[in-house]
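For reference, the chains in residue letters:
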Amino acid sequence: MSFKEEDIVAQLRDPKTRHAAFTKVVEAYSEKLYWLIRKMVLSHDDANDILQNTFLKAWTNLDSFRGDAKIFTWIYKIAVNENITFLNKQRAMNHISLDDADSFMLEKISGDDYFDGDELQLKLEEAILTLPDKQRLVFVMKYKEEMKYEEMSEVLGTSVGALKASYHHAVKKIEEYLTKDI
């Protein structure tokens, strides 16, 4: 579904058309956001929960949307923050420090009916889970989502140079992880 950004922004600001306009936004961006979230948390059920929380937060904060950024960028940023909040809660519940790999997520993915990857894919996901949150996010956005650094910069509020460095470090860590037993 496509729509003109300025038309939707105007409709979102009008209490009479807000609900219908937000429905269009949800329809337009649900799948894309779901897959971004899913690539970070790996579990279908967790991704659905985070997606719902993302749209709920967007809906309740519509009045604070100034239109400085594109709607998708604004919601994407909310999704990223919801992802990080979820991961931190999972670590706390599982008594895992920030420095440890998110091994609890690996257990989820191997038991997830929706995961259809092979052993190599599981090993790559395991390697990605060893990355710090920020590096993991940058890696997922660049490698899996194929986002341009400029788009990532807008969403994350980080310079292009810092994002390139973060991605480079993430790739090196993943390569080391995948080749350590060879």
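Values in this document were obtained by computation on a predicted structure and should not be read as measured data. (Residues numbered from 1 in each chain as written. Predicted model: local features only at pLDDT ≥ 70, side-chain atom pairs only at ≥ 80, totals over all residues. Heavy atoms only, no water.)

Visitor: Requested: an account of the pattern of salt bridges, with residues and values cited.
Guide: Applying the stated rule across the entire model yields 7 salt bridges. Lys144 is the salt-bridge partner of Glu125, the closest N and O atoms lying 2.7 Å from each other. Here the residue Glu125 occupies a position in helix α6 (residues 119-129), and Lys144 occupies one in helix α7 (residues 133-144), the gap between them amounting to 19 residues. Residue Lys144 is classed as buried on the basis of its relative accessible area of 19%. (Salt bridge = Lys/Arg side-chain N within 4 Å of Asp/Glu carboxyl O. Helix = DSSP H or I, 4+ residues; strand = E, 2+ residues; numbered from the N terminus. Buried < 20%, exposed > 50% of the residue type's maximum accessible area, 1.4 Å probe, protein only.)

Visitor: Tell me about the nonpolar core, and please be specific about residues and values.
Guide: In this structure, Leu12, Leu33, Ile71, Ile75, Tyr76, Met141 and Leu156 are the most contacted members of the largest nonpolar core, which totals 49 residues. Mapped onto this core, the elements with two or more residues apiece are α1 (5-13), α2 (18-41), α3 (44-60), α4 (71-93), α6, α7, α8 (149-156) and α9 (160-179). (Core = buried A, V, L, I, M, F, W, Y, C linked by side-chain atoms within 4.5 Å.)

Visitor: Before we move on, can you summarise the packing of aromatic side chains with the specific residues and values?
Guide: By the definition in use, this model includes 9 aromatic pairs. Each ring, one from Tyr34 and one from Trp35, has its centre 4.8 Å from the other, and the planes form 85 degrees; the classification is edge-to-face. A relative accessible area of 9% places Tyr34 in the buried class. Through a chain of ring-to-ring contacts, the aromatic side chains of Phe139, Tyr143, Tyr149 and Tyr167 assemble into a single cluster. In this arrangement the basic side chain of Lys32 is found over the ring face of Phe72, its NZ or CZ atom lying 4.8 Å from the centre. The ring of Tyr149 has Lys142 sitting right over it, with the charged end atom 4.5 Å from the ring centre. (Phe/Tyr/Trp six-rings, centres within 6.5 Å; stacked < 30°, edge-to-face > 60°. Lys NZ or Arg CZ within 6 Å of the ring centre and 35° of its normal.)

Visitor: I'd like a rundown of the environment of Trp74, residues and numbers included.
Guide: Among the structural elements, Trp74 can be located in helix α4. Among the residues examined, Trp74 registers a relative accessible area of 17% and is labelled buried. Every residue in contact with Trp74, bar those within four places of it in the chain, is listed here: Ala58, Asn61, Leu62 and Phe65. (Contact = heavy atoms within 4.5 Å.)

Visitor: Run through the packing of α3 against α4, naming residues and quoting values.
Guide: In contact at an axis separation of 9 Å, α3 and α4 are set at 130 degrees when each is read in the N-to-C sense. When the axis of α3 is compared with that of α4, the two are oblique. As α3 packs across α4, the resulting crossing turns out to be right-handed. Packed against α3, whose contacting residues are Asp46, Ile50, Asn53, Thr54, Phe55, Lys57 and Ala58, the element α4 presents Trp74, Ile75, Ile78, Ala79, Glu82, Asn83 and Phe86 at the interface. Residue composition of the contact of α3 with α4, grouped by class: 8 nonpolar, 3 polar and 3 charged. (Axes fitted to C-alpha atoms, helices over the stretch in contact; angles between N-to-C directions. Parallel < 35°, antiparallel > 145°, perpendicular 65-115°, else oblique. Left-handed = near helix turned anticlockwise from the far one by under 90°. Nonpolar A, V, L, I, M, F, W, Y, C, P; charged D, E, K, R; others polar.)

Everything listed here is a matter of coordinates, which is why it stays silent on function.
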